[in-house]
Amino acid sequence: MIDLAETEQKEEDTRQQIVISDTDFLSSFLWRNQFGIVIKLFGKLGMDIIIPEAVMEELNYSTRTRERLAGVLYQLDHKKDKKHGRGEVYIQDIEPFSDAGMQYEELKKTLGKGEAAAISMVLHSEEKVACLASNNLRDVRKYVEDNQITLWTTAGVLEKAELLGIVTHDTAVKLWDKMYEDGLSLPECTYEEYVRKKKAV
């Protein structure tokens, strides 16, 4: 499994990539009104964010995530300098009888709709190299490892955002603490412990 927070990649290496997100990854930032971190990070890396329609449906179950994502999409839609590769957010559906559509139907038997849609779209992305954004390692690990998919997690985004100066260390620590208190599945209890163990590897 390839985690961008664990590999040193030059910024230009990600210029032709997109990130396809499942529901839990988006919720971890939207729930705390911090989705701007995701947009700024991927924009700086020249990557756009794709949200499958199935993920949008799951996000709509929560009034908080629905309203905050609507606000983000409205702001992005009215940007004057909207260009591909600038951290733009796009919503895409899966063609029912395409390869992605057939895999989606198969994956739905064992995975949630959002995860199934995101994985299917990553595996059958035609135009660009696609990464997956997910925190549900238990469910996505097999597909990520078998297909050498680059994986972004909430923890990885926070670490990379600090490294690129998008957030301060103090901001990352406080956000991590809040996410942990809210029950989000994180690899360590504290951000400092996560960074310390990553550096030790």
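First things first, this report covers the structure right here in the doc. (Residues numbered from 1 in each chain as written. Predicted model: local features only at pLDDT ≥ 70, side-chain atom pairs only at ≥ 80, totals over all residues. Heavy atoms only, no water.)

## Some remarks on the overall build of the protein chain
Alright, step 1. Secondary structure assignment for the protein chain yields 10 helices and 6 strands.
Alright, step 2. When each of the 201 residues of the protein chain is scored for burial, the buried share is 49%.
Alright, step 3. Restricting to contacts in the protein chain with at least 6 residues of sequence separation, those with at least 24 account for 67%.
Alright, step 4. Summed over its atoms, the accessible surface of the protein chain is roughly 10,700 Å², and 48% of this surface lies on carbon and sulfur atoms. (Helix = DSSP H or I, 4+ residues; strand = E, 2+ residues; numbered from the N terminus. Buried < 20%, exposed > 50% of the residue type's maximum accessible area, 1.4 Å probe, protein only. Contact = heavy atoms within 4.5 Å. Areas by Shrake-Rupley, 256 points an atom, 1.4 Å probe, with all protein chains shown as cover.)

## So, the pairing of strand β2 (residues 17-21)
Alright, step 1. Burial analysis of β2 places 5 of its 5 residues in the buried class, which makes it a mostly covered element.
Alright, step 2. Side chains of β2 alternate between two faces, with Gln17, Val19 and Ser21 and Ile18 and Ile20 buried alike.
Alright, step 3. Where β2 lies against strand β5 (residues 129-133), 5 bridges are found, and the strand directions are parallel. Of the residues in β5, the one forming a bridge with Ile18 is Ala130. (Pairing = 2+ DSSP bridges.)

## Focus on the packing of aromatic side chains
Alright, step 1. Taken as a whole and judged by the stated rule, the model has 4 aromatic pairs.
Alright, step 2. Counting every residue linked through ring pairs, the aromatic cluster contains Trp176, Tyr191 and Tyr194.
Alright, step 3. Its end group placed over the ring of Tyr143, Lys142 keeps NZ or CZ at 5.5 Å from the ring centre. (Phe/Tyr/Trp six-rings, centres within 6.5 Å; stacked < 30°, edge-to-face > 60°. Lys NZ or Arg CZ within 6 Å of the ring centre and 35° of its normal.)

## Some points on helix α5 (residues 99-107)
Alright, step 1. Of the residues making up α5, those classed as buried are Ala100, Gly101, Tyr104 and Leu107. Considered in projection along α5, the buried side chains sweep an arc of 125° and stay on one side of the axis.
Alright, step 2. Residues of α5 that are buried make contact with α3 (53-59), α6 (113-123) and α7 (137-147). (Arc of directions from axis to C-beta.)

## Comments concerning the packing of helix α9 (residues 169-181) against helix α10 (residues 191-200)
For any two helices packed against each other, one specifies the crossing angle of their axes together with the interaxial distance.
Alright, step 1. Two elements in contact, α9 and α10, have axes whose closest approach is 8 Å; the angle formed by their N-to-C orientations is 115°. Relative to α10, the element α9 is oriented roughly perpendicular. In contact with His169, Ala172, Val173 and Trp176 of α9, α10 contributes Tyr191, Glu192 and Tyr194. (Axes fitted to C-alpha atoms, helices over the stretch in contact; angles between N-to-C directions. Parallel < 35°, antiparallel > 145°, perpendicular 65-115°, else oblique.)

## Describing the environment of Ile20
Alright, step 1. Along the chain, Ile20 falls in strand β2.
Alright, step 2. Ile20 sits 113 residues away from Ala133 along the chain, and the two C-alpha atoms are 6.0 Å apart.
Alright, step 3. Ignoring any residue separated from it by four or fewer positions in sequence, one finds Ile20 in contact with Ile50, Pro52, Ala118, Met121, Val122, Ala130, Cys131, Leu132 and Ala133.

## Describing the pairing of strand β3 (residues 48-52)
For a regular strand, the rule is simple: side chains alternate between the two faces of the sheet.
Alright, step 1. Counting buried positions along β3 yields 5 of 5 residues, so the element is predominantly enclosed.
Alright, step 2. Neither face of β3 is exposed, since Asp48, Ile50 and Pro52 on one face and Ile49 and Ile51 on the opposite face are all buried.
Alright, step 3. With 3 bridges joining them, β2 and β3 adopt parallel strand pairing. Each residue of the ladder has a partner; that of Val19, found in β3, is Ile49.
Alright, step 4. Judged from the 4 bridges that link them, β3 and strand β4 (residues 89-92) form a sheet pairing that is parallel. The residue bridging Pro52 from the neighbouring strand is Gln92, located in β4.

## Quick notes on the pattern of salt bridges
Alright, step 1. The tally for this structure, following the rule as stated, stands at 11 salt bridges.
Alright, step 2. Among the ionic pairs, Glu188 bridges to Lys197, the shortest N-O distance being 3.3 Å.
Alright, step 3. Residue Lys197 is classed as partly exposed on the basis of its relative accessible area of 37%.
Alright, step 4. A salt bridge links Lys197 to Glu193; the nearest nitrogen and oxygen atoms lie 3.8 Å apart. Remark: Glu193 and Lys197 occur in helix α10; sequence separation between them is 4 residues, near one turn of the helix.
Alright, step 5. Under the relative-accessibility criterion, Glu193 is labelled partly exposed at 25%.
Alright, step 6. One connected set of salt bridges, linked through shared partners, spans Glu188, Glu193, Arg196 and Lys197. (Salt bridge = Lys/Arg side-chain N within 4 Å of Asp/Glu carboxyl O.)

Without other data, these values stay purely geometric and don't point to any function.
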